[in-house]
Amino acid sequence: MPKKNQTLGEFIIENQSEFQYSSGELSRLINSIRLAAKVVNHEVNKAGLVDILGTAGETNIQGEDQQKLDVYANEVFIKTLTNREIVCGIASEEEDDFITIKGRNEKNDNKYIVLIDPLDGSSNIDVNVSVGTIFSIYRRVTASGTPVTMEDFLQPGNLQVAAGYIVYGTSTMIVYSTGHGVNGFTLNPAIGTYYLSHPNMRFPETGNIYSVNEGNYIHFPQGVKNYIKYCQQEEGDRPYTSRYIGSLVSDFHRNMIKGGIYIYPNTSKDPEGKLRLLYECNPIAYIAEQAGAKASNGFMRILDIKPTQLHQRVPFFCGSKLMVEKAEEFMKNAE
Ligand SMILES: O=P(O)(O)OC[C@H]1O[C@](O)(COP(=O)(O)O)[C@@H](O)[C@@H]1O
Ligand SMILES: [Mg+2]
Ligand SMILES: [Mg+2]
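Only a predicted model underlies this, so the values are computations on that prediction, with no experimental measurement involved.

J.: Just checking my understanding: could you explain the overall build of the protein for this structure?
T.: Within the protein, the regular secondary structure consists of eight helices and 15 strands. On C-alpha atoms alone, the protein measures out to a radius of gyration of 19 Å, which is about the 20 Å that the 2.2 N^0.38 rule sets for 335 residues. Each principal axis of the C-alpha distribution contributes one length, and for the protein these read about 65 × 45 × 40 Å. The buried share among the 335 residues of the protein stands at 55%. Long-range contacts, defined here as pairs at least 24 residues apart, represent 67% of the contacts in the protein between residues at least 6 apart.

Here it is, written out as structure tokens:
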């Protein structure tokens, strides 16, 4: 059982043997994410004082205006991961294509693939509302010694070997899993050390919070409209409370602690929804399931979806098991 207030460094070493491929490389990879998160956190915390607010003047492959902090976080994570000789490929929300990292002497013998949303909740940066970073880790499937290919990135989420997120909120936390439960570590900014503050996190089986951008209501599928009406009815433990921060990481984190459901459905405007399967939905779904919760596209388990494109989007229903099952019931009945 994880020991409360253990440092993240100690926890990583102590739990290394749990990992089936334990050779220390995954530990070094998690450590490099820990380091990059500290650097980004430093910039986030003083965002109003330094020239890091506002747009960077470029758009990414999603057609979104890149925020300066999107670009900064992207650079910090890519540089930190590249310099540690563990990763053979990186894909990012802010990069059109995947990045090949040939490693020491161009041998292409590093084993891990990282997919990342460097800054999640970009619309909240300038208004001082919590944002995050999301990461997903796989072992490569193509032969070592050759450059990575798209095949290494288009793996279903159930093959992730680790995943997690950082939330830059009232405090900064790293929450991650290597397939043995979920643990949360809080940064003590005075000494720059993460401590185990939330050991063995469990998602409540049900809750009374629903998180969805109701501004899109008229474009929602009938099943989602019916489920929202159900949440708002005066009956039993309902009406539920509506909470929507607009940063996936922060909405998910709150719901994991209190119980609740987050929905970003497909709409008549966006038939595939908005959120990206590879570096938003898969890692969050991995954490959800490791904490006893559920994640689907309204019909199918997110982690079983076979990806076809690097930046593909999927409808996302994620949270307390009983609430997601109820929402799926409404989706099915509305078919
Ligand atoms: O403003 P909307 O349409 O409700 O979308 C909010 C959602 O979009 C996101 O901001 C997308 O992520 P990025 O900020 O990384 O692009 C999620 O964090 C959030 O849940
Ligand atoms: Mg995001
Ligand atoms: Mg982002």
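J.: Please clarify how the site of ligand 1 should be interpreted in this entry.
T.: What surrounds ligand 1 is a group of 17 residues, the closest being Asp120, Asn213, Tyr244, Leu248 and Tyr264. Asp120 places a side-chain nitrogen or oxygen 2.8 Å from an oxygen atom of ligand 1. Tyr262 places a polar side-chain atom, nitrogen or oxygen, 2.9 Å from an oxygen atom of ligand 1. In the complex, the protein chains occlude 88% of the 470 Å² of accessible area that ligand 1 would expose alone. Taking a 2 Å distance to the grid points as the criterion, the majority of the atoms of ligand 1 fall inside the largest pocket. Counting residues per element, the shell around ligand 1 draws most heavily on strand β5 (residues 112–120), at three residues. Taken together, the residues of the shell around ligand 1 break down into five nonpolar, five polar and seven charged. Residue assignment places the shell around ligand 1 across two domains, with domain 1 (8–198) and domain 2 (209–333) each supplying three or more.

J.: How should I be thinking about the packing of helix α1 (residues 8–15) against helix α2 (residues 25–45) in this particular structure?
T.: A pair of packed helices is captured by two measures, namely the crossing angle of their axes and the spacing between those axes. It is the contact of α1 with α2, at a shortest axis distance of 10 Å, that shows an interaxial angle of 165°. Judged on the interaxial angle alone, α2 and α1 are roughly antiparallel. As for how α1 packs across α2, the hand of that crossing is right-handed. Two secondary-structure elements touch here, α1 through Leu8, Gly9 and Ile12 and α2 through Ser27, Ile30, Asn31 and Arg34. Taken together, the residues of the contact of α1 with α2 break down into three nonpolar, three polar and one charged.

J.: How should the layout of surface pockets be read in this particular structure?
T.: Approximately 380 Å³ is the volume found for the largest pocket. Lining the largest pocket are 24 residues, and of these Gly121, Ser122, Ser123, Gly246 and Lys274 lie nearest its centre. Ranked by the residues each element gives to the lining of the largest pocket, the list is headed by β5, at three residues. Looking at the lining of the largest pocket, its residues break down into six nonpolar, eight polar and 10 charged. When residues of the lining of the largest pocket are sorted by domain, at least three fall in each of domain 1 (8–198) and domain 2 (209–333).

J.: So what exactly am I meant to see when it comes to the environment of Ile13 here?
T.: Tracing the chain through its elements places Ile13 in helix α1. We classify Ile13 as exposed; its relative accessible area is 64%.

Thresholds, definitions, all that
- Residues numbered from 1 in each chain as written.
- Chains lettered and ligands numbered in written order.
- Predicted model: local features only at pLDDT ≥ 70, side-chain atom pairs only at ≥ 80, totals over all residues.
- Heavy atoms only, no water.
- Helix = DSSP H or I, 4+ residues; strand = E, 2+ residues; numbered from the N terminus.
- Rg over C-alpha atoms; globule rule 2.2 N^0.38 Å.
- Buried < 20%, exposed > 50% of the residue type's maximum accessible area, 1.4 Å probe, protein only.
- Contact = heavy atoms within 4.5 Å.
- Near = heavy atom within 4 Å.
- Polar contact = N/O pair within 3.5 Å; in protein donor to acceptor, adjacent residues only side chain to side chain.
- Areas by Shrake-Rupley, 256 points an atom, 1.4 Å probe, with all protein chains shown as cover.
- 1 Å grid on protein atoms, 1.4 Å probe; cavity = no way out; pocket = protein on both sides within 12 Å on 5 of 7 lines; lining within 4 Å.
- Sits in = over half its atoms within 2 Å of the grid points.
- Nonpolar A, V, L, I, M, F, W, Y, C, P; charged D, E, K, R; others polar.
- Domains from an automatic or database assignment.
- Axes fitted to C-alpha atoms, helices over the stretch in contact; angles between N-to-C directions.
- Parallel < 35°, antiparallel > 145°, perpendicular 65-115°, else oblique.
- Left-handed = near helix turned anticlockwise from the far one by under 90°.
- Points joined across faces, edges and corners; volume = space filled by probe spheres on them.

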